[in-house]
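Residues per chain, in single letters:
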Amino acid sequence: MADLVYGNANIIMQSASRLLTRRRIREMVAAPDRAGVLAVLAECGYQTDLLDDTALLHAERVKTLNTFLELCSDPYLATAVTALDQMTESNALAQFATIANAVPHLKNAAIRKYFTTLADLTNVRTYYKGGQTMVAGGTRTGKDLNLFPDLTVDAIQSAIDARLDALAAVDKDDIFQPNPLFWWYHQKQKEFTVVKTILAGKRFGYDAATLRTSLRGLYEQFV
């Protein structure tokens, strides 16, 4: 329990000072060039002396996973998050199988539900795309996958993101549970999407209005 409390206290302090916020997103969007974006990212602890955007994001992703594994006291949660972190389109089936094997051993009900829901919603996406190959770990099959019959494609993605965000945020302030660390990891994944979008926009010379449009639906997920 001491290790869990220490890890949560550590990550809560990092979250307060280094996670991306709406203010920081606004500053990056308004920045006249890449240097202005990097100045904000430096506040968030990113390694900003890398010239390539891909290398910058990769370095922060690696640091995020390593921090999670260092502070995580549950080996099954570490296995599940590692599989999630290393998931690609080509290895998704194998990685979801690894997660499905670890999930029954997780003691925290909200995090178990997160991973089960993630598998279900991944299969929901496949269903709406007309695919047949479903990932392991979900509970929905057949017509139960028609979860959003009245929504557009964009609205479906927003609904999926909202469900996962809500599950990741359960007990995020309870230092006696693994939830604060898991919430932090989930927030970092959302952060990477925003940072990648802004860096690409600056590279292609998008103005602030165009960038704000590109971030619609993402910006609102930050405080």
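Residues numbered from 1 in each chain as written. Predicted model: local features only at pLDDT ≥ 70, side-chain atom pairs only at ≥ 80, totals over all residues. Heavy atoms only, no water.

K.L.:
A description of the overall build of the protein should follow, citing residues and the corresponding values.
P.N.:
Broken down by element type, the protein carries ten helices and zero strands. Along the protein, from the amino end to the carboxyl end, the secondary structure elements read α-α-α-α-α-α-α-α-α-α. Structurally, the protein occupies a C-alpha span of about 50 × 45 × 30 Å along its principal axes. Looking at the protein residue by residue over its 223 residues, the buried ones come to 42%. Considering only contacts in the protein between residues 6 or more positions apart, those separated by 24 or more positions represent 57%. Carbon and sulfur atoms make up 55% of the accessible area of the protein, which totals about 11900 Å². On the protein, the mean spot of the 24 positive side-chain charges and the mean spot of the 24 negative ones are 3 Å from each other. (Helix = DSSP H or I, 4+ residues; strand = E, 2+ residues; numbered from the N terminus. Buried < 20%, exposed > 50% of the residue type's maximum accessible area, 1.4 Å probe, protein only. Contact = heavy atoms within 4.5 Å. Areas by Shrake-Rupley, 256 points an atom, 1.4 Å probe, with all protein chains shown as cover. Lys, Arg positive; Asp, Glu negative; His and termini not counted. Charge placed at Lys NZ, Arg CZ, Asp CG, Glu CD.)

K.L.:
Give a description of a nonpolar patch on the surface that names residues and reports values.
P.N.:
The grouping of Tyr 127, Tyr 128 and Met 134 at the surface amounts to a nonpolar patch, some 240 Å² of accessible area in total. Within the element layout of this structure, Tyr 128 appears in helix α7 (residues 109-128). (Patch = residues over 30% accessible without salt bridge, like charges linked within 9 Å, V, L, I, M, F, W, Y side chains within 5 Å. Salt bridge = Lys/Arg side-chain N within 4 Å of Asp/Glu carboxyl O.)

K.L.:
So what's going on with the nonpolar core? Residues and values would help.
P.N.:
Grouped together as the largest cluster of nonpolar side chains are 38 residues, with contacts concentrated most on Phe 68, Leu 77, Val 81, Tyr 114, Phe 115, Phe 148 and Phe 182. Residue assignment for this core shows that the elements contributing at least two residues are α4 (53-71), α5 (75-85), α6 (92-102), α7, α8 (153-168) and α9 (179-203). Residue contributions to this core peak at seven residues, all from α7. Apart from the residues lying within four places of it in its own chain, the contact partners of Phe 182 are Phe 68, Leu 77, Val 81, Ile 111, Tyr 114, Phe 115 and Ala 168. (Core = buried A, V, L, I, M, F, W, Y, C linked by side-chain atoms within 4.5 Å.)

K.L.:
With reference to specific residues and values, describe α8.
P.N.:
Compared with an ideal rise of 1.5 Å per residue, which puts 16 residues at 22 Å, α8 spans 23 Å between its outermost C-alpha atoms and is within 8% of the ideal. For α8, the full list of buried residues reads Ile 156, Ala 159, Ile 160, Leu 164, Asp 165, Leu 167 and Ala 168. In this structure, the buried side of α8 is in contact with α7 and α9. (Expected span 1.5 Å × (residues − 1).)

K.L.:
With reference to specific residues and values, describe the packing of aromatic side chains.
P.N.:
One pass over the full model with this rule turns up six aromatic pairs. Here Tyr 114 and Phe 115 contribute two aromatic rings whose centre-to-centre distance is 5.5 Å and whose plane-to-plane angle is 85 degrees, an arrangement assigned as edge-to-face. For Tyr 114, a relative accessible area of 6% corresponds to the buried category. Take Phe 115: its relative accessible area is 2%, and that puts it in the buried class. Measuring from centroid to centroid gives 4.9 Å for Tyr 114 and Phe 182, while their planes differ by 85 degrees, and the two rings are edge-to-face. (Phe/Tyr/Trp six-rings, centres within 6.5 Å; stacked < 30°, edge-to-face > 60°.)

Function cannot be read off these values alone, since they describe shape.
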